[in-house]
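Observations on the model geometry
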Amino acid sequence: MGRRARLGLVLCVAVLWARGLAAADEEGNQDESLESKTLSAEDQVKDHSTGTRVVAGQIFLESGKPDSQSEDEENFHSQEEEKENSLEELNSLETSNLLNKDLEEGEIQSTVLTAIGGTADGEPCHFPFLFLEKEYAECTADGREDGRLWCATTYDYKKDQKWGFCETEEQSNKRRQMQEAEEVYQTGMKILNESSKKAQKKEAYQYLLKAADMNHTKAMEKVSYALLFGDYLKQNIQSSKELFEKLTEEGSPRGQMALGFLYASGLGVNSSQAKALVYYTFGALGGNLIAHMILGYRYWAGIGVLQSCESALTHYRLVANHVASDISLTGGTVVQRIRLADEVENPGMASGMLEEDLIQYYQFLAEKGDVQAQVGLGQLHLHGGRGVEQNHQRAFEYFNQAANAGNSHAMAFLGKMYSEGSDIVPQSNETALQYFKKAADMGNPVGQSGLGMAYLYGRGVPVNYELALKYFQKAAEQGWVDGQLQLGSMYYNGIGVKRDYKQALKYFNLASQGGHILAFYNLAQMHATGTGVMRSCHTAVELFKNVCERGRWSERLMTAYNSYKDEEASIVGENETYPRALLHWNRAASQGYTVARIKLGDYHFYGFGTDVDYETAFIHYRLASEQQHSAQAMFNLGYMHEKGLGIKQDIHLAKRFYDMAAEASPDAQVPVFLALCKLGVIYSLQYVREINIREVFSHIDMDQLLGPEWDLYLMTIIALLLGTVIAYRQRQHQAIPRPAGLRPAVPQQEPPPEHQPPQ
């Protein structure tokens with residue numbers, strides 16, 4: 001009995017241990033799957049730096065095991081050793097062999113295809129199999145006119161004639177339908193990408209519409225957005241909503257993000273921030289970068305969620321990693337920033353867009369041999385922007401013309417194009433090096449920076465960190481952002497120099513002032529991890545946000561701007577204009593935009609989209625005045641103090657704010673002068689109204705003021721004035737002449753002619 005009891009106890013312990021291991025494995029799998037969802041989708045963020053490296057001027061965080069993780073692993077291993085030692089009496093080898101055998105059989109069964117129909121129904125497919133003297137490692141449609149996939153169940157089909165279908169007829173029809181839909185979709189996308197004419201783009205969307213009717217996911221995404229915004233299809237918000245719902249059911253991240261947008265903005269549905277948050281979250285988990293940006297902003301500003309800087313940092317950093325990895329040596333596409341409010345307030349101000357006539361004028365100059373025009377047009381076509389589409393072919397032609405004329409800037413940019421490579425310019429380190437050397441010898445900073453890159457990474461030359469540092473320093477001294485960025489990277493990584501985070505921070509700051517995206521990204525990484533600076537989540541989020549907004553999706557802003565200029569379809573009704581505008585002005589003002597803050601004051605002052613509220617208007621004007629020193633806000637505060645709107649009337653404070661507005665901006669001096677004139681008149685009238693003239697005269701003692709004989713002095717003065725008036729009148733009468741009698745008119749004699757004719 002004792003032996004049986006001990007054996008039973010051992011078996012119980014074994015069962016419990018096995019369950020514990022299974023539970024641990026299950027928890028580990030759950031944790032791993034969670035990481036794969038949140039991290040592997042786009043390389044989620046590792047907060048504090050365990051190790052970093054810089055590649056091409058970009059800081060990358062290297063993964064390392066945190067101390068807590070290593071301690072947990074050590075504890076886990078020690079616990080396992082204890083369990084194994086306590087259960088040495090068990091013969092677990094046979095059990096593990098059985099488990100491994102079952103797992104292997106399960107894996108084999110999951111990968112084996114079973115033939116359907118044919119001459120070998122139910123038998124497993126044999127791969128590879130021989131058919132028409134060709135081996136097939138997967139199912140094929142060769143030999144069948146209906147395109148249905150089949151396989152052989154033995155190696156030699158010709159010999160054994162054993163075969164079956166790899167799919168049911170329904171699956172086959174569905175597959176062929178999707179293939180047809182894919183062909184239609186690719187045709188539409190080809191027309192859409194190759195054409196710039198509106199009529200052809202509309203034709204392309206007809207193909208996409210046909211593919212969407214065949215349940216092609218990408219086509220449905222394109223069509224649903226076109227229906228929402230009215231791009232080349234008639235606007236229909238309800239139809240687009242139905243398509244988004246269908247896409248969401250199929251698990252499309254773009255569909256989920258768009259449905260979140262509809263619920264957030266209340267377009268076609270009742271507004272629900274909770275549902276919007278759910279759809280945005282699912283879209284982000286599916287890898288949609290726009291959804292990540294939206295969630296980052298919502299966590300940063302506390303819209304519909306509790307404000308969390310760390311959560312915002314996680315989302316923004318993920319998107320910034322993607323944007324930074326997409327930046328090439330040439331810098332990528334330029335994002336043209338245009339403020340619509342500035343265009344409305346100042347219609348004559350240039351928006352930064354080049355007019356077609358001006359572009360043609362530069363093209364004319366370039367054809368005539370103007371080197372500066374050639375270089376300028378080359379840069380415009382290389383990066384795009386200012387109304388010019390990216391075109392590497394034309395950029396190469398303009399740079400080539402200018403380089404042949406001896407322009408060092410053009411040589412350097414040709415070197416960048418050859419170093420980067422494209423469909424137009426084949427990648428060639430040797431050719432790039434030649435152009436960089438020519439430009440660097442002429443003192444061009446772009447060429448010096450390119451030559452530094454060649455020595456840093458060994459492109460066409462042996463790696464030489466000293467020369468790379470030398471050329472980067474020369475380029476940085478001339479203010480070239482690429483040289484500053486690479487110099488910062490060398491100091492950050494300790495390549496060719498002693499590692500110095502302060503110097504790295506200095507050069508990254510200089511490059512960021514020139515607008516380099518990777519400089520913003522590197523500064524964000526340093527502030528996020530506290531490398532070389534005090535860790536600041538808020539600063540890191542703002543910098544990562546700046547990087548994210550410069551991604552390729554920013555090209556949509558130009559499309560939106562062109563549609564705005566063309567006055568195309570709007571998704572907002574007229575009665576919703578002011579409330580929605582108020583919401584967006586509020587969000588812009590919270591990011592420090594002065595015009596938005598003043599607009600908020602105006603909306604509350606006049607009651608646009610809200611009730612008239614002078615107190616709130618006064619608060620917004622005061623914030624704009626104190627934080628951004630806005631002359632307009634100071635002038636408005638002066639007016640409100642003058643009128644007593646939302647604040648007690650105070651003419652002295654009104655004058656003070658008017659004076660401050662005139663000092664803050666020269667443009668405010670004329671309106672301030674007029675306002676002060678008006679204020680002076682009001683002040684005088686108010687002063688006269690407040691005093692009593694009778695009381696003033698009753699308090700005046702003339703005897704004390706002018707002496708006891710003041711009345712004699714007064715009579716003398718009056719007599720003198722009367723005598724002066726009489727004398728003046730008499731002189732006037734003497735000066736007037738008497739009227740003369742009428743005299744006959746004397747005819748005027750004609751002037752003698754200059755030349756009289758001979759008698």
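The structure under discussion appears in the preceding block.
First, a word on what this report is: a plain description of the structure on this page. Since this is a predicted model, take the numbers as computed values, not measurements.

Let us look at the nonpolar core. Core analysis: the largest hydrophobic core is formed by 113 residues, its most contacted members being Phe244, Val319, Phe399 and Phe544. Top contributing element to this core by residue count: helix H23 (residues 517-529), with nine residues. With near-sequence residues (within four places) excluded, phenylalanine 244 lies in contact with Ser224, Tyr225, Leu228, Gly255, Ala258, Leu259 and Leu262. Counting residues in each nonpolar core, the second largest holds twelve residues, with Cys125, Tyr157, Phe165 and Cys166 among its members.

The subject of this paragraph is the side chain of serine 272. In this structure, serine 272 sits in the loop between helix H9 (253-265) and helix H10 (273-285). You can call serine 272 buried: its relative accessible area is 19%.

In this section: the packing of helix H15 (residues 371-383) against helix H16 (residues 392-404). H16 packs onto H15 with a crossing angle of 155 degrees between their chain directions and a minimal axis gap of 8 Å. The orientation of H15 with respect to H16, classified from their angle, is roughly antiparallel. Here H15 runs over H16; the crossing is left-handed. Seen from H15, the contacting residues are Val371, Gln374, Val375, Leu377, Gly378, Gln379, His381 and Leu382; seen from H16, they are His392, Arg394, Ala395, Tyr398, Phe399, Gln401 and Ala402. Broken down by class, the residue content of the contact of H15 with H16 amounts to eight nonpolar, six polar and one charged.

Glancing now at helix H12 (residues 309-325). For H12, built from 17 residues, the straight-helix expectation of 24 Å at 1.5 Å per residue is met to within 8% by its first-to-last C-alpha distance of 24 Å. Within the span of H12, buried status applies to Ala312, Leu313, His315, Tyr316, Arg317, Leu318, Val319, Ala320, Asn321, Val323 and Ala324.

A few words on the state of the cysteines. Going through the model one piece at a time under the given rule, you end up with three disulfides. Paired through a disulfide, cysteine 125 and cysteine 151 show a sulfur-sulfur distance of 1.9 Å. Sign of the S-S torsion, about -55 degrees for the bond between cysteine 125 and cysteine 151, identifies this disulfide as left-handed. With cysteine 125 in the loop between helix H3 (92-111) and strand S3 (129-131) and cysteine 151 in strand S5 (residues 150-152), this pair connects stretches of sequence that are 26 residues apart.

Let us look at the packing of aromatic side chains. One pass over the structure, following the stated rule, counts 28 aromatic pairs. Residues tyrosine 578 and phenylalanine 608 carry aromatic rings whose centres are separated by 4.9 Å and whose planes lie at 15 degrees to one another, so their mutual orientation is stacked. One end of the pair, tyrosine 578, is in helix H26 (residues 577-589); the other, phenylalanine 608, is in the loop between helix H27 (594-606) and helix H28 (614-628), and 30 residues separate them in sequence. A relative accessible area of 40% places tyrosine 578 in the partly exposed class. Owing to a relative accessible area of 32%, phenylalanine 608 belongs among the partly exposed residues under this scheme. Within the aromatic cluster, the residues linked to one another by ring pairs are Phe127, Phe129, Phe131, Tyr136, Trp150, Tyr157, Trp163 and Phe165. One residue, arginine 148, lies across the ring of phenylalanine 165, its end atom 3.8 Å from the ring centre. Sitting above the plane of the tyrosine 435 ring, lysine 438 keeps its charged end 5.8 Å from the centroid.

Each value, and the rule that gives it
Residues numbered from 1 in each chain as written. Predicted model: local features only at pLDDT ≥ 70, side-chain atom pairs only at ≥ 80, totals over all residues. Heavy atoms only, no water. Core = buried A, V, L, I, M, F, W, Y, C linked by side-chain atoms within 4.5 Å. Buried < 20%, exposed > 50% of the residue type's maximum accessible area, 1.4 Å probe, protein only. Helix = DSSP H or I, 4+ residues; strand = E, 2+ residues; numbered from the N terminus. Contact = heavy atoms within 4.5 Å. Axes fitted to C-alpha atoms, helices over the stretch in contact; angles between N-to-C directions. Parallel < 35°, antiparallel > 145°, perpendicular 65-115°, else oblique. Left-handed = near helix turned anticlockwise from the far one by under 90°. Nonpolar A, V, L, I, M, F, W, Y, C, P; charged D, E, K, R; others polar. Expected span 1.5 Å × (residues − 1). Disulfide = S-S within 2.5 Å. Phe/Tyr/Trp six-rings, centres within 6.5 Å; stacked < 30°, edge-to-face > 60°. Lys NZ or Arg CZ within 6 Å of the ring centre and 35° of its normal.

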